[in-house]
Amino acid sequence: MEVEKRFGDLEMMESQQQQQQHEAVVGSSNVANMPGGVGPRDADEKRLNELGYKQEYRRLMTPFQQWAYTFSYTAPLGFITGYYGFMYSYGGPVTIIWGYLATTFGTLCMAFGMSEIISAFPTLGSVYYWVAQLVPKKHVAWLSWFVGWVYLFGSFCGTALNEYLLAQLLATCILLGTGGAQGNGYTLTAAQICGVTAALFVLHFFVSIVNTPWLGLLSTIGAWFQILSIVVICITLLAISPKYQSAKFVFTHFVKAPGNGISSGLLVVLLGLPYAQSILTGFEVGSHVVEEVKTAAMAGPRAMIRSVYVTASTEFVLLLVLTFCIQNPDNVLGDNTMTGGGDASAASQIFYDAFHAKFGHGSGGAIAFTTFACISLFFGNITNVTLTARMAYAMARDCALPFHYWLVTLTQKERIPINATIVTVIGSFICTLPSLGSSVAFTAITAMSTITAYGPYFVILACRHIFDNRFKPGPFSLGKWGIWIGGWGALWGAVMSILFCIPPEYPVTGSTFNYASVSMSGAILAGVVYWFTVARHNYKGPKRTIELATDSDDDVVKPNGDFGVHALTASKLPEVDGNHLDLKGSNGTIANSNDANFVKKPRNNFEVPTSEFPPLGGKHKNHLDLNGDEKV
């Protein structure tokens, strides 16, 4: 009677949750209900079910909005404004123009190679889920977990970098607005910049937990702002600049890292390439909302590729205009300037010089254009926070992170991963704290944001081609060219990861050492400890929340719901044409396989012999645990 009562509770619980969960599908492709009663299962949901997941998010984002989401993340104006001085310092226009073209080619190869993969596997988790699908089963757990761990750690660092860079540009605006460095303007301290960063994180938290339609709208607005602001700045600079640099200067002038003690011109260029590469990072971020997009298997790869060539095109035009419109090359990195000098304020100084040369004062124009860059980064970090939260949610869904039961909480109405977003904001802010004591330490963390992206990119593309016989292309395929394009992309990702670890100044001392390699080693070491002590016991690979039986399946596996599924062989079950698993006999008792009552039930239900029932119990008293280990 107790067992019967538990089954009755289970049946009632399933009925109450039918609007939020798909019903189990065993040997059938019948329609299931989406969360919130969104309607019949379409091709996107069917493919997601085939990959092992139920539809949790609402597919309300259009393909254009997914591209806008990705393009908004790249924040071209914000990153060009923030990084122009670093590229100028390491190679000058040579690195800015030719180095950028080289990185664009390498990035396009990576994007095309990875577009094949997102087309085949259009689901959350991106890099770590893709690795799990590409490698043999014996390598799935450890390799996918480490790729996910490294990528998630880098996502926290990248979010910290974007927010801190935004705070620094705001500090430049404050300095110019209060008189400039030559007029006793107000300079924010490191602690004050950190405080501004904290306030920005709070603001981004509330913006990032809006519903999917609003997120799509913000992404669209952000994408158009990125483009229009660059158009306005380019036209204005060309119109007001009294003089332009020569084509020889723009395409051949070389700056040999002044004050950094580097004698090799090649090394200077190699140190400048990572900064060019940094502003092209993130082309795959659309994969983090792929379960919220319609026609995901084609929209995903298109968004990835378009984000690269549109971003690269707009950034290259802006780089050309900025370089042609330099009024005084000595001011770009000079200390005796209104912006106070330094690599981070070089673009703002170019804005100032152009307005000053035309109107006799340049603070207003420089503040306006630097503010445009701030808004660009603000839109970009909306995407940054949401994608990091969704990555954390995807890994927690597969029991790959600590406190995974808590991290997978979604808001009831809008299905937003609220707890994962909280962790993203707090964790990313913690990554900015080293800036209080050492700019070198923070530089290492920011370098980590790119290394931890291109490292996983390399692993994915390498696995795609090493285990080529395991890969079945989706609607988007490169055909025979895939191995060559993806192979070059993998090599480029590996090279970029190495370049980010080279010391930027010589001789190498404690204050000039590049701590990116140390930070990366620390992240990997922490991952190794957590893997062997905890993660390997919980994580066996991406965890299916729904699974379909096919004609070739010997097992009936994992129906959708709050309970797991034991691998019941299909030969032990009667033929059924419905989706419900009825665990009670016709007279309210448990049926036995030897009993004549072991027959199909009404409403397309079927019965299971008692010999196949695992014990009930554990923390989930009302759940039937069919995995045999009482884990849900």
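Residues numbered from 1 in each chain as written. Predicted model: local features only at pLDDT ≥ 70, side-chain atom pairs only at ≥ 80, totals over all residues. Heavy atoms only, no water.

S.K.: So what exactly am I meant to see when it comes to the overall build of the protein here?
M.R.: Regarding its fold elements, the protein presents 20 helices and four strands. Looking at the protein as a whole, 57% of its 632 residues are labelled buried. Looking at the protein alone, contacts between residues at least 24 apart form 78% of all its contacts between residues at least 6 apart. Summing over all exposed atoms, the protein offers an accessible surface of approximately 25,000 Å²; the carbon and sulfur share of this is 63%. (Helix = DSSP H or I, 4+ residues; strand = E, 2+ residues; numbered from the N terminus. Buried < 20%, exposed > 50% of the residue type's maximum accessible area, 1.4 Å probe, protein only. Contact = heavy atoms within 4.5 Å. Areas by Shrake-Rupley, 256 points an atom, 1.4 Å probe, with all protein chains shown as cover.)

S.K.: Teacher, can you tell me more about a nonpolar patch on the surface here?
M.R.: Among the surface-exposed residues, F105, W488, L491 and V495 lie close enough to one another that they form a single nonpolar patch of about 370 Å² accessible area. If one sorts the elements of the nonpolar patch by residue count, helix α19 (residues 482–499) sits on top with three residues. Its place among the elements puts L491 in helix α19. With a relative accessible area of 44%, L491 lands in the partly exposed category. (Patch = residues over 30% accessible without salt bridge, like charges linked within 9 Å, V, L, I, M, F, W, Y side chains within 5 Å. Salt bridge = Lys/Arg side-chain N within 4 Å of Asp/Glu carboxyl O.)

S.K.: What should I look at first to understand the state of the cysteines in this one?
M.R.: Two cysteines, two sulfur atoms, one covalent bond between them: this is a disulfide. All chains considered together, the criterion is met by zero disulfides. Looking at the unpaired C157, the closest cysteine sulfur is the one in C431, lying at 4.3 Å. Of all cysteine sulfurs in the structure, the one in C173 sits closest to C374, which takes part in no disulfide; the separation is 4.5 Å. (Disulfide = S-S within 2.5 Å.)

S.K.: How do you make sense of the pattern of salt bridges when you look at a structure like this?
M.R.: Pairing between side chains becomes possible if they bear opposite charge and their charged atoms approach one another. The tally for this structure, following the rule as stated, stands at one salt bridge. R464 is the partner of E116 in a salt bridge, and the nearest nitrogen-oxygen pair spans 3.3 Å. Residue E116 is found in helix α5 (residues 93–120), and its partner R464 is found in helix α18 (residues 439–466); the two are separated by 348 residues along the sequence. The exposure class assigned to E116 is buried, which follows from its relative accessible area of 1%.

S.K.: I would appreciate a short explanation of the packing of helix α7 (residues 137–177) against helix α8 (residues 190–208) in the present structure.
M.R.: Where α7 contacts α8, the axes come no closer than 9 Å and their chain directions differ by 120°. One element, α7, and the other, α8, form an angle in the oblique class. Every pair of crossing elements has a handedness; the one defined by α7 and α8 is right-handed. Facing α7, whose interface residues are T159, A160, E163, Y164, L166, A167, L170 and A171, α8 presents I193, V196, T197, L200, F201 and H204. Its residues assigned to classes, the contact of α7 with α8 comprises 10 nonpolar, three polar and one charged. (Axes fitted to C-alpha atoms, helices over the stretch in contact; angles between N-to-C directions. Parallel < 35°, antiparallel > 145°, perpendicular 65-115°, else oblique. Left-handed = near helix turned anticlockwise from the far one by under 90°. Nonpolar A, V, L, I, M, F, W, Y, C, P; charged D, E, K, R; others polar.)

Nothing here speaks to function; it is all geometry.
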